[in-house]
Amino acid sequence: MQVLYPKRLTAGTRLFLSLLLLLPYTHTDGQSGLGRGSIQGVVMDADRTVISFASILLLDTQKGTTSDEEGAFALHNVAPGLYQVQISYVGYATAVVPVRVTNDSITTMQVMLDDIANDLDEIVVSAKSEATRTAETGFNVAVLESKSYRNLNVDINEVLRSTPGINLRERGGLGSGFNLSLNGLSGNQIRYFIDGVPMENYGSSLSLNNFPINLVDHIEVYKGVVPVHLGADALGGAINIIPSDNYQSYLDVSYSQGSFNTHRFSLNARLNNAKRGFFLQTYAFLNHSDNSYRMDSVKVWDLELGNFLGYQTVSRFHNDYTSGMAKVQGGVIDKKWADRFTFSLSGARNRKEFQHPDNNIKRVFGQFHTRNSTYLASANYTKTLGRLKLTANASTGMIRESVIDTSQFKYNWTGDFIRRSADDPKGELYERRSLFNLKDVILRSNLSGSYNISGQHQIQVNLVQSHLRRSGNDEVDAFNQSFTTPNLIDKYILAGGYTFHTATEELEVSAFTKSYWFSGAITTQNTEGNEQRTEPSFDNIGYGLTSRWSINNNLTAKASFERAYRLPEPYEILGDGIYVNVNPALRPEKSYNLNFGLNAPFIWDDWHFTGEINYFLRSSADFIRFLPLGPFGEYENLTNVRTEGVEASVEGAFSDLFLFSGNITYQNITDQNKWDEGLPNINYQSRIPNIPYLFANARLGIQPITRERNRLGIFWSSKFVEAFFLNWENLGSPDSKNIIPAQLTHNLDIEYAFGSGKYNLALSVRNLTDAVVYDNFNIQLPGRAFYTKLRYFISK
């Protein structure tokens, strides 16, 4: 017999006023009293047929009941504590399940009883993690658990890179800019969250490639349709990073070093007092790399006369990156007034040197760099009141970015330099030397709630507010008046949804709607140097539907649809003070998103397999993309774009000895504009340039030692990306067009854990074959690199 371990109802984010209307029903239905909880569930047999009139007893109490004709049962007015629930029926093996009840909560369970003739001796209780429950919803979501990566030399980006449908393009080594694509949509069309809180405008110090995987419990990757509780204006999906947050006291510290003078340190520690119900937690990381890797066949020019000196192999000499973050969080749990309340303070800083502009290597820098600092304060609150669960969070912060272009020198790729003439005002990037400071002040809040109408029906409401004030000044260039008059942006997103699932949870259907509001006050300078003020505003309504059907124990189908909108990001519409120019005429993106997928797990003796295939379709209008203008550029709207593709993946394992996984993605992203400024569009139905269309990943692992105290693992991973054109495919001769060449890279990781996981060592080799690799045109990525990592973990 199998018992699916009790799970507390998960909640999305909901609107406060709607929740107030539901409050009178929380304590007047006679089902729960203040300070007490309820237990409810469904009893089924192994074929998922409901069992009526099964006996349910709460051991060591006087409480008991029987399941109704639909197999459902409920025990109300249960005092907080840990209990044993006994479920029995004639002809079936009896199950005893531990249940934890908290104040004003509803704990739900599914119980599967095996025919006593089939299984007289064995009783199995299996728990479903939060990650597993997320993966079993109707959304097209991949859940990446970090446990198998925590000893390795990887950050969040490297883990995401192995996910079906994701392609990640970097512009260099540690700390470099990157662009993540998910099912053909990329950049800000994908939204990022930390435990449900948006990461918008957190600054470059807190980008994904800074976070070590040790600080993460699991990552949720939503493809296309995004759930109500995240409250996002995502066009193509969302990535939600769930931090490590178990209720034990622990210490997790690691240090790694490697090629290019790379050093990475991380700390994750928690002190928990269960008796008094409070905890104190801290996260920290520190990263540094010289990023001094080899560049092959770069053009070298004489600085005095401008003569071409030929192609040479050189090392990057002005590419250092340093970043650090510290976060302190304290809170209480299981109090009468709150299930959980936390308050946190965070600080992060970085310094980044640029060897060249982000989109080409023609211009070489020797002193140009940026500095960033981010300071945040946030509070989070959750409370369950009978059938109602409330969640609220608020955060405020200040982000400063400085762009330093004050050098009077001119460099080439060999590191040679000359001083410019005294009357030459140019910097390395700008026409006039500059020290530009950008300051963002942000204020965000989120209020949400879910109401469980019954065990099979739930409603959710969510409201998200976001405010940004951007100001700036130039300490060197008096002509640069950008952001001297502060610019403002406000966004509101209201979402509501309804979810239904059958008593056996074979079928789940959700419907939702979202409203989007955007307003801004943008001040720019015209060609005469006079200020112009623009006040854009948008309001849109989106909607969607998701479904999951468990056809049998070995096959699940999912389908989802959404009419989605994505509001412009501040740096898209306001510029970033470095490479991106302001464009106040930028419009929101909109898209119809469709997903359909099949998932099939299979077990044969000690072999475990899971196969998955997904089809996706995106029909987007006012598609926002970056238009390069030399080393600079601005974001523009491209009227109609269609994305269609398929992704397939397989993973398997033989006992604890051998594991493998692989995935492949094909996507066709085409321009659907028949006309271009009144003339026939010669690129109609042509593939959008400079975007990969075919890529794949594979991973093999063997664990020859899997003892309780010692473990040895050896892992090989490979990545392939097919070649793709830099410019439109139908313009010019294919033989003479610029391409980003195909790439095939391999990585090797060896980890050894001893002392029951307390001590962990790892050796990693990146780009094992030392292949010459490009994610972007002519911008070479690092060659072969070696890293070691030490990790110490203890808990109690």
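Residues numbered from 1 in each chain as written. Predicted model: local features only at pLDDT ≥ 70, side-chain atom pairs only at ≥ 80, totals over all residues. Heavy atoms only, no water.

Per the secondary structure count, the protein includes 4 helices and 50 strands. In terms of overall size, the protein behaves like a compact globule, its C-alpha atoms giving a radius of gyration of 28 Å where 796 residues would be expected to give roughly 28 Å. Dimensions of the protein, computed from the C-alpha atoms along their principal axes, are close to 95 × 60 × 55 Å. Considering the protein as a whole, with its 796 residues, one finds that 52% of them fall into the buried category. Side chains of the protein carry 73 positive and 80 negative charges; the gap between the two charge centres is 5 Å. (Helix = DSSP H or I, 4+ residues; strand = E, 2+ residues; numbered from the N terminus. Rg over C-alpha atoms; globule rule 2.2 N^0.38 Å. Buried < 20%, exposed > 50% of the residue type's maximum accessible area, 1.4 Å probe, protein only. Lys, Arg positive; Asp, Glu negative; His and termini not counted. Charge placed at Lys NZ, Arg CZ, Asp CG, Glu CD.)

So, about the side chain of Arg420. Note on placement: Arg420 falls in the loop between β28 (417–419) and β29 (434–454). Accessibility expressed as a relative area gives 17% for Arg420, which makes it buried. Looking at Arg420, its side chain comes within polar contact range of the main-chain oxygen of Gly427, at 3.3 Å. When near neighbours in sequence (up to four residues on either side) are disregarded, Arg420 contacts Gln408, Phe409, Lys410, Lys426, Gly427 and Glu428. (Polar contact = N/O pair within 3.5 Å; in protein donor to acceptor, adjacent residues only side chain to side chain. Contact = heavy atoms within 4.5 Å.)

The sheet built from 3 strands is open, its strands ordered β11-β12-β13 with antiparallel pairing. Taken across any chain shown, the strands that pair with only one partner, and hence form the sheet edges, are β11 (166–170) and β13 (185–186). In the sheet, β11 pairs with strand β12 (residues 178–182) via 5 bridges, with the strands oriented antiparallel. Bridging across to β12, Arg169 finds its partner in Asn179. (Pairing = 2+ DSSP bridges.)

Bringing the nonpolar core into the picture now. As a rule of thumb, soluble globular proteins bury nonpolar side chains together. Counting 53 residues, the largest nonpolar core has Ile156, Leu160, Ile219, Val221 and Ile239 as the members making the most contacts within it. Excluding residues within four positions of it along the chain, Val221 makes contact with Asn140, Val141, Ala142, Leu144, Leu160, Ile166, Leu182, Ala238 and Ile239. In this structure, Ile51, Phe73, Val78 and Met109 belong to the second largest nonpolar core, which totals 19 residues. (Core = buried A, V, L, I, M, F, W, Y, C linked by side-chain atoms within 4.5 Å.)

Okay, the pattern of salt bridges next. Side-chain pairing between opposite charges can occur once the charged atoms of the two side chains come close. Per the counting criterion, the structure on display carries 24 salt bridges. The closest approach of N and O atoms between Asp233 and Arg191, which form a salt bridge, is 2.9 Å. In this pair, Asp233 is assigned in the loop between β16 (216–223) and β17 (237–243) and Arg191 in strand β14 (residues 190–194), connecting sequence segments 42 residues apart. Each member of the pair, Asp233 together with Arg191, is buried. Close ionic contact of Glu562 with Lys514 constitutes a salt bridge, the shortest N to O distance being 3.4 Å. (Salt bridge = Lys/Arg side-chain N within 4 Å of Asp/Glu carboxyl O.)

A word on the sheet that holds strand β15 (residues 197–198). Spatially, 5 strands are ordered β10-β16-β17-β14-β15 in an open sheet, and the strand pairing comes out mixed. Each edge of the sheet is formed by a strand with only one pairing partner; in this case those strands are β10 (141–145) and β15. When β16 meets β17, the two strands line up antiparallel, connected through 7 bridges. Paired with Glu220 across the bridge in β17 is Asn240.

Let's shift gears to the side chain of Asn214. For Asn214, the position within the fold is in the loop between β15 and β16. Judged by relative accessible area, which is 1%, Asn214 ranks as buried. Setting aside chain neighbours within four positions, we find Asn214 in contact with Arg150, Ser244, Asp252, Ser254, Ser266, Asn268, Lys789 and Arg791.

With that settled, consider the packing of aromatic side chains. Inspection of every chain in the model, using the stated rule, returns 27 aromatic pairs. Measuring from ring centre to ring centre gives 6.2 Å for Phe317 and Tyr411, while their planes differ by 35°; the resulting arrangement is tilted. Note that Phe317 is positioned in the loop between β22 (308–315) and β23 (321–335) and Tyr411 in strand β27 (residues 409–411), a separation of 94 residues in sequence. Since its relative accessible area comes to 33%, Phe317 is described here as partly exposed. Each ring, one from Tyr666 and one from Tyr693, has its centre 6.3 Å from the other, and the planes form 85°; the classification is edge-to-face. Taken together, the residues span a long stretch of sequence, with Tyr666 in strand β39 (residues 658–671) and Tyr693 in the loop between β41 (679–680) and β42 (694–706) at a distance of 27 residues. For Tyr666, a relative accessible area of 35% corresponds to the partly exposed category. Three or more aromatic residues joined by ring pairs form one cluster here, namely Phe602, Trp607, Phe609, Phe654, Phe658 and Phe660. Looking at Arg270, its charged tip hangs above the ring of Phe279, at a distance of 3.9 Å from the centre. The ring centre of Phe483 lies 6.0 Å from the NZ or CZ of Arg470, which sits over that ring. (Phe/Tyr/Trp six-rings, centres within 6.5 Å; stacked < 30°, edge-to-face > 60°. Lys NZ or Arg CZ within 6 Å of the ring centre and 35° of its normal.)

One non-glycine residue with positive phi stands out, namely Asn291, at about 50°. The residue Asn291 is located in the loop between β20 (278–289) and β21 (294–301) in this model. Here Asn291 falls in the buried class, since its relative accessible area comes to 4%. The phi torsion at Asp770 lies on the positive side, around 55°, for a residue other than glycine. Relative to the helices and strands, Asp770 is located in the loop between β47 (759–766) and β48 (774–776).

Moving on to a nonpolar patch on the surface. Taken together, the side chains of Leu507, Trp549, Ile551, Phe596, Leu598, Ile613, Val646 and Tyr666 make up a nonpolar region of the molecular surface, amounting to roughly 660 Å² of accessible area. Mapped by element, the contributors of at least two residues to the nonpolar patch are β34 (537–552) and β36 (589–604). Given the relative accessible area of 31%, Leu598 is considered partly exposed. (Patch = residues over 30% accessible without salt bridge, like charges linked within 9 Å, V, L, I, M, F, W, Y side chains within 5 Å. Areas by Shrake-Rupley, 256 points an atom, 1.4 Å probe, with all protein chains shown as cover.)

Turning next to the pairing of strand β2 (residues 37–45). A regular strand carries its side chains on alternate faces of the sheet. Most of β2 sits out of view: 9 of its 9 residues are buried. The side-chain alternation of β2 yields two buried faces, one formed by Gly37, Ile39, Gly41, Val43 and Asp45 and the other by Ser38, Gln40, Val42 and Met44.

Considering the arrangement of structural elements, one finds Asn261 in the loop between β18 (250–258) and β19 (262–273). For Asn261 and Asp290, which are 29 residues apart along the polypeptide, the C-alpha to C-alpha distance reads 5.7 Å. Polar contacts involving the side chain of Asn261 include one to the side chain of His263, which spans 2.9 Å. A polar side-chain atom of Asn261 sits 3.2 Å from a polar atom in the side chain of Asp290.

In the predicted model, the protein carries a mean pLDDT of 85, and 90% of its residues have values of at least 70. Mean pLDDT across the elements of the protein ranges from a minimum in helix α1 (residues 16–22), with 34, to a maximum in β47, with 96. For residues 1–35, every residue scores under 50 in pLDDT, and the model assigns this stretch 130 contacts once sequence neighbours within four places are set aside. Low pLDDT (under 50) marks residues 117–129, which in the prediction has 22 contacts with non-local residues, meaning those over four places away or in another chain. (pLDDT = per-residue confidence, 0-100.)

Looking at where Gly237 falls in the secondary structure, it is placed in strand β17. Each C-alpha atom of the pair Gly237 and Asp302 lies 48 Å from the other, and the pair is 65 residues apart in sequence. Discounting residues that sit within four places of it in the chain, Gly237 has contacts with Leu182, Gln189, Ile190, Arg191, Tyr222, Gly224 and Val226.

Once that is clear, we can look at the environment of Ser205. Residue placement: Ser205 occurs in the loop between β15 and β16. Sequence-wise, Ser205 and Phe623 are 418 residues apart; in three dimensions their C-alpha atoms are separated by 28 Å. Apart from residues no more than four positions distant in its own chain, Ser205 is found in contact with Asn210, Phe285, Ala348, Arg349, Asn350 and Asn372. At a separation of 2.4 Å, a polar atom in the side chain of Ser205 contacts the side chain of Asn372.

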